[in-house]
Amino acid sequence: MPGLTQDRLWSEAVILEAPNRVLRVQSTRDAYLCLKNHWPLPDGDGSARSEALVICDRVIEGQDEPDVARAAFIKAAEEAHFAVHSWTGNEGA
């Protein structure tokens with residue numbers, strides 16, 4: 001788990017919708033914590049989730065850009081069957 005001391009804000013927040021749940025994620029740290037603590041798929045399920053965790057870790061450590069984590073997070077969210085929206089309400093962020 002990365003130190004989570006440096007937050008890397010995204011250019012645009014991502015809204016995830018599932019039955020009885022709406023999550024607003026606007027940074028790499030938010031995404032990392034969401035993937036670890038609020039994900040509907042158990043550990044080991046979902047290769048996009050595993051990849052997104054690795055990418056978020058890399059971005060938090062300053063080794064990549066925040067929008068790379070955002071794209072990986074969206075891919076993992078789609079794999080987990082969340083409805084994915086951008087903050088402006090556009091489908092598919």
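Shown above is the structure to which this text applies.
The model shown is predicted, which means the values in this text are computed figures rather than measured ones.

Engineer: Account for the pattern of salt bridges, with residues named and values stated.
Structural biologist: Tallied over the full model, the rule gives one salt bridge. Put simply, Arg 58 and Asp 64 hold a salt bridge, and the shortest N to O gap is 3.3 Å. The class of Arg 58 is partly exposed, set by a relative accessible area of 31%.

Engineer: Can you lay out the packing of helix 1 (residues 28-37) against helix 3 (residues 66-79) for me, pointing to particular residues and giving the numbers?
Structural biologist: Running from N to C, helix 1 and helix 3 cross one another at 30°; their axes reach a closest spacing of 10 Å. It follows that helix 1 is roughly parallel to helix 3 by the angle criterion. Crossing angle aside, the handedness with which helix 1 passes helix 3 is left-handed. Only Pro 66, Ala 69, Phe 73 and Ala 76 of helix 3 make contact with helix 1, whose side of the interface consists of Thr 28, Ala 31, Cys 34 and Leu 35.

Conventions and cut-offs
Residues numbered from 1 in each chain as written. Predicted model: local features only at pLDDT ≥ 70, side-chain atom pairs only at ≥ 80, totals over all residues. Heavy atoms only, no water. Salt bridge = Lys/Arg side-chain N within 4 Å of Asp/Glu carboxyl O. Buried < 20%, exposed > 50% of the residue type's maximum accessible area, 1.4 Å probe, protein only. Axes fitted to C-alpha atoms, helices over the stretch in contact; angles between N-to-C directions. Helix = DSSP H or I, 4+ residues; strand = E, 2+ residues; numbered from the N terminus. Parallel < 35°, antiparallel > 145°, perpendicular 65-115°, else oblique. Left-handed = near helix turned anticlockwise from the far one by under 90°. Contact = heavy atoms within 4.5 Å.

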